[in-house]
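As a plain string of letters, each chain reads:
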Amino acid sequence: MFLARRFLTFLVTIWGASVIIFLMLEVLPGDPALTMLGVDAPDSAVEALRRDLGLDRPATERYLSWIGGLFRGELGLSYTYQVPVTELIAQRLEVTLPLALGAMLLATLVSLSLGIFAATNHNKVGDYGVIGFSQLGLAIPDFWFGILLIILFAVILQWTSSGGFPGWDEGFWRCIQALLLPVFTLALSLSAIMTRVTRSSVLEVAREDYVRTARAKGLSRRATLWRHVLRNALIPVLTINGLLFANVLAGTIVIENVFALPGIGKLIFGAITNRDLMVVKNVVLILGAMVMVVNFIVDVLYAVVDPRIRIHT
Amino acid sequence: MALLAVRDLTVDLQTTRGVARAVRGVSFELAKGGTLGVVGESGCGKSITALALMGLLPEGARTSGRIDLDGTDLLSLGEDALCGMRGNRIAMIFQEPMTSLNPVHRIGRQIAEPLRQHRGLRGAKARAEAIRLLDRVGLPNAAQRVDAYPHQLSGGQRQRVMIAMALSCDPDILIADEPTTALDVTIQGQILDLINELVDESGMALILISHDLGVIAETTDDVVVMYGGSLVEHGPTDSLFDTLAHPYSQGLFAAIPDIGGRHDRRLTTIPGTVPELADLPPGCPFADRCPLAADDCWSTEPPMRQVLPGHQAACLRLEAAAAGRANGGRGDD
Ligand SMILES: Nc1ncnc2c1ncn2[C@@H]1O[C@H](COP(=O)(O)OP(=O)(O)O)[C@@H](O)[C@H]1O
Ligand SMILES: [Mg+2]
């Protein structure tokens with residue numbers, strides 16, 4: 001029941017996003033074809049592009065054919081690259097998805113360990129150490145940390161290359177190696193935030209009455225932490241981590257540029273500069289959909305963790 | 001020998017305003033199967049005293065004195081030994097049934113936890129025992145309800161679950177800290193009757209903390225009256241209710257509209273408020289609210305004085321208080 005409702009919301013949100021993206025490009029002043037080609041382009045070229053883009057047809061028809069295309073996986077041609085947008089996005093996702101998910105995974109693991117460690121050592125040296133790390137992680141800009149890592153590991157130690165991506169055909173481990181520094185860079189500020197959320201959530205739950213009840217039964221501190229505190233503390237952590245995924249995607253734009261990775265972030269950066277509207281439109285929708293999928297998954301997990309969401313009586 | 005003997009128990013709490021002495025040299029005894037009532041306005045240190053007995057004081061708390069359970073000083077025990085006591089030999093029920101159960105676990109699992117911890121029961125055996133306990137505390141449909149989550153139960157039902165949990169390992173002592181204060185008036189009586197019934201049946205000793213003087217009068221053998229972290233009066237229930245030696249006890253009882261009915265007797269009508277523990281004045285803690293206070297009350301800490309055998313009160317003006325009571329009666333005119 002909860003899942004069905006939540007799935008419906010998910011579909012409606014994606015649909016809403018597609019309408020907004022479409023309308024935004026629609027209300028952009030000027031002729032998209034002219035914008036894409038520049039004012040100096042000959043009229044015949046502009047006219048041809050208008051036909052290619054279907055701009056001679058009414059807006060509703062164009063919207064429907066875009067959505068129809070989405071379902072068939074046909075998103076049109078990129079003007080700058082002259083390849084199908086579908087192919088372009090698929091290629092770039094091969095870099096961006098592992099980057100973003102890797103950073104999420106790493107940050108989640110780091111923050112759970114550090115956050116729980118800090119909370120169980122509340123107001124002791126370990127706690128202060130973790131708080132210090134998290135302050136630092138928040139204060140250091142991602143791109144600067146990335147450059148530091150490049151200087152250290154690629155230039156001085158020469159353990160890895162300074163950037164670029166070989167492509168998955170060139171071997172799994174080489175790709176993982178190429179993604180290592182970017183993932184670390186992206187995970188830094190992310191784990192700093194997540195650590196704080198985890199720490200304060202665990203501390204808050206530790207003050208709950210039912211934790212005292214668990215101790216009154218004779219459970220040790222450790223057993224109480226594992227059986228009664230963590231599962232409840234996970235609820236806000238899940239929510240925040242899900243919301244942070246949007247930040248991670250935004251972060252990939254910077255990181256992919258620092259490490260010269262051919263990912264979605266670099267694609268959209270170039271597409272905006274080159275006014276490749278076909279690419280912009282679809283990439284934005286894909287990014288939005290990814291955020292929504294992650295938040296949908298978070299809500300499902302939420303229901304798994306908390307029976308109050310699953311069962312109403 | 002008494003089952004539980006508390007000697008000169010003192011608890012210092014860490015607060016934002018510095019160290020606060022929440023319990024000040026409290027002493028009392030509890031016989032095997034006996035019942036002790038603890039009365040006092042809120043903020044008097046009743047719950048902190050109870051938590052000290054459980055060894056579950058807030059972080060940073062310091063204790064001194066002795067808490068002897070069957071001759072073992074609980075204050076000298078390490079954490080592991082205390083874990084073996086809690087839920088096993090001393091169990092506790094709290095004031096807030098709505099928040100005292102873990103929302104993400106089924107109640108059967110929560111009841112089975114002490115069984116597993118102290119009796120080594122697992123799986124089907126633990127479940128069967130949980131169902132038996134739920135049935136015993138009067139939860140209808142225990143065999144199905146064992147799989148319910150706390151949010152599917154009412155406040156009264158949750159308190160029954162808490163009682164089942166506390167009883168699971170047949171403790172020697174049950175501490176019930178205002179077990180009905182948060183409940184609907186119509187449910188309060190049922191829960192108290194249940195506790196009394198179970199205490200009678202199992203022969204465990206009970207420490208009942210309550211605002212409700214009627215409840216204390218009905219169910220306990222002995223009473224301690226607490227104020228500002230100290231015991232101000234202590235004696236057998238009959239003697240204490242008959243005599244009301246301490247002016248604070250008199251104030252508390254005067255606040256009751258009529259004795260006999262069970263409900264709605266909150267201790268609110270003594271003028272003034274409970275003092276902040278961090279800045280209690282020297283002398284008698286009740287001095288600034290006491291109608292009988294004289295100069296020496298502000299400077300001298302009143303010692304416990306015998307009123308009747310086994311019945312003491314900490315007051316310098318016991319004679320004046322007794323005279324006032326003889327004239328004014330209970331204050332119900
Ligand atoms: N966790 C805590 N930290 C600091 N002070 C506390 C804490 N819990 C209670 N106190 C203080 O201790 C005093 C006694 O509280 P308590 O024992 O709960 O009173 P009550 O008699 O109502 O049960 C109060 O002044 C209260 O403010
Ligand atoms: Mg209390």
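Residues numbered from 1 in each chain as written. Chains lettered and ligands numbered in written order. Predicted model: local features only at pLDDT ≥ 70, side-chain atom pairs only at ≥ 80, totals over all residues. Heavy atoms only, no water.

Enquirer: Explain the overall build of chain A to me, please; I cannot follow it from the model alone.
Expert: Helix and strand content of chain A: 13 helices and zero strands. Beginning at the N terminus, the succession of helices and strands in chain A can be written as α-α-α-α-α-α-α-α-α-α-α-α-α. Taking the principal axes of its C-alpha atoms as reference, chain A extends roughly 85 × 60 × 35 Å. Relative to its full complement of 313 residues, chain A shows a buried share of 45%. Across chain A, contacts joining residues at least 24 apart in sequence account for 71% of those joining residues at least 6 apart. Surface exposure of chain A reaches about 16,100 Å², of which carbon and sulfur atoms provide 68%. (Helix = DSSP H or I, 4+ residues; strand = E, 2+ residues; numbered from the N terminus. Buried < 20%, exposed > 50% of the residue type's maximum accessible area, 1.4 Å probe, protein only. Contact = heavy atoms within 4.5 Å. Areas by Shrake-Rupley, 256 points an atom, 1.4 Å probe, with all protein chains shown as cover.)

Enquirer: Would you explain the site of ligand 1 in this entry?
Expert: Residue and element names in this part refer to chain B. Around ligand 1, a shell composed of 14 residues is seen, among which Gly43, Gly45, Lys46, Ser47 and Ile48 lie nearest. Contact between ligand 1 and Lys46: an oxygen atom at 2.9 Å from a main-chain N or O atom of the residue. The contact in question runs from an oxygen atom of ligand 1 to an N or O atom on the backbone of Ile48, over 2.8 Å. Relative to its free-state accessible area of 550 Å², ligand 1 is covered by the protein chains to the extent of 65%. Contributions of two or more residues to the shell around ligand 1 are made by strand S1 (4–15) and helix H1 (46–54). Of the residues assigned to the shell around ligand 1, the class counts are six nonpolar, six polar and two charged. (Near = heavy atom within 4 Å. Polar contact = N/O pair within 3.5 Å; in protein donor to acceptor, adjacent residues only side chain to side chain. Nonpolar A, V, L, I, M, F, W, Y, C, P; charged D, E, K, R; others polar.)

Enquirer: Just checking my understanding: could you explain the environment of A:Pro262 for this structure?
Expert: Residues and elements named next belong to chain A. Assignment of secondary structure puts Pro262 in the loop between helix H10 (221–258) and helix H11 (264–273). Among the residues examined, Pro262 registers a relative accessible area of 30% and is labelled partly exposed. Sequence separation of Pro262 and Pro166 is 96 residues, and the distance between their C-alpha atoms is 9.7 Å. Beyond its immediate sequence surroundings of up to four residues, Pro262 is in contact with Arg92, Val95 and Phe165.

Enquirer: Is there a simple way to think about the nonpolar core in this case?
Expert: Across soluble globular proteins, nonpolar side chains show a tendency to be buried alongside one another. Among the nonpolar cores identified, the biggest contains 96 residues, and B:Leu4 and B:Ile173 are the most heavily contacted of them. With seven residues, the top contributor of residues to this core is helix H6 (residues 155–167) of chain B. Residue contributions to this core reach at least three from each of two domains, namely domain 1 (4–220) and domain 2 (245–326) of chain B. If we skip the residues at most four places from it in the chain, B:Ile173 touches B:Leu3, B:Leu4, B:Leu30, B:Leu69, B:Arg89, B:Ile90, B:Ala91, B:Ala205 and B:Ile207. Residues A:Leu53, A:Ile89, A:Leu188 and A:Phe259 belong to the second largest nonpolar core, which totals 58 residues. (Core = buried A, V, L, I, M, F, W, Y, C linked by side-chain atoms within 4.5 Å. Domains from an automatic or database assignment.)

Enquirer: So what exactly am I meant to see when it comes to the domain arrangement of chain B here?
Expert: Residues and elements named next belong to chain B. In terms of domains, chain B is made up of domain 1 (4–220) and domain 2 (245–326). Computed over C-alpha atoms only, the centres of domain 1 and domain 2 are separated by 28 Å. Taken over both partners, the interface formed by domain 1 and domain 2 buries close to 1,800 Å², and the fraction arising from carbon and sulfur atoms is 52%. Between Glu41 and Arg289 there is a salt bridge, and its shortest N-O distance comes to 3.0 Å. Applying the counting rule to domain 1 against domain 2 returns two residue pairs in polar contact (both at pLDDT 80 or more). Among the elements of the structure, strand S2 (18–30), helix H7 (185–202) and helix H8 (213–219) are those that each provide at least two residues to the side of domain 1 that touches domain 2. In terms of residue count, the dominant contributor to the side of domain 1 that touches domain 2 is H7 (five residues). For the side of domain 1 that touches domain 2, the residue count by class is eight nonpolar, eight polar and seven charged. (Buried area = accessible area lost by both parts, 1.4 Å probe. Salt bridge = Lys/Arg side-chain N within 4 Å of Asp/Glu carboxyl O.)

Enquirer: Even after reading the chapter, I still don't get the sheet that holds S1(B), so can you show me in this structure?
Expert: Think of a sheet as strands paired side by side through backbone hydrogen bonds, with each pair either parallel or antiparallel. Residue and element names in this part refer to chain B. Taking strand neighbours across the sheet as the criterion, the four strands line up as S2-S1-S4-S5 in an open arrangement whose pairing is antiparallel. On the outer flanks of this sheet lie S2 and strand S5 (72–73), each paired with one strand and no other. In the sheet, S1 pairs with strand S4 (residues 62–69) via seven bridges, with the strands oriented antiparallel. In the sheet register, Ala5 faces S4, and the bridge partner there is Asp68. (Pairing = 2+ DSSP bridges.)

Enquirer: Sorry, what's going on with the pairing of strand S8 (residues 205–209) of chain B here?
Expert: Strand residues, when the strand is regular, have side chains that alternate between the two faces of the sheet. Residues and elements named next belong to chain B. Of all five residues that make up S8, five are buried, and the element is covered over most of its length. Residues of S8 alternate between two faces, with Ala205, Ile207 and Ile209 on one and Leu206 and Leu208 on the opposite face, all of them buried. Direction of pairing for strand S3 (residues 35–39) relative to S8: parallel, over a ladder of four bridges. Residue pairing across strands places Thr35 opposite Leu206, the latter belonging to S8.

Enquirer: Is there a simple way to think about the interface of chain B and chain A in this case?
Expert: By a widely used convention, the size of an interface equals the accessible area lost when the partners come together. Every contact between the two is made by 28 residues of chain B and, on the other side, 22 residues of chain A. The three residues of chain B that bury the most area against chain A are B:Val104, B:Glu113 and B:His151, which together make up 24% of that side's buried surface. Counting every contact that joins chain B to chain A gives three salt bridges. Between A:Arg227 and B:Glu113 there is a salt bridge whose closest N-O contact spans 3.7 Å. Put simply, chain B and chain A have 13 residue pairs in polar contact (both at pLDDT 80 or more) between them.

Enquirer: Help me understand the confidence of the model for chain B in this model?
Expert: Where the model shows low pLDDT, its predicted coordinates should not be examined in detail. Residue and element names in this part refer to chain B. Here chain B averages 89 in pLDDT, while 93% of its residues score no lower than 70. Note on residues 258–268: pLDDT under 50 across the span, and 29 contacts to partners over four residues away in sequence or across chains. This stretch, residues 329–333, has a pLDDT under 50; its non-local contacts, to residues over four places away or in other chains, come to seven contacts. Interface confidence in the predicted complex, given as ipTM, is 0.89; pTM for the same model is 0.86. (pLDDT = per-residue confidence, 0-100.)

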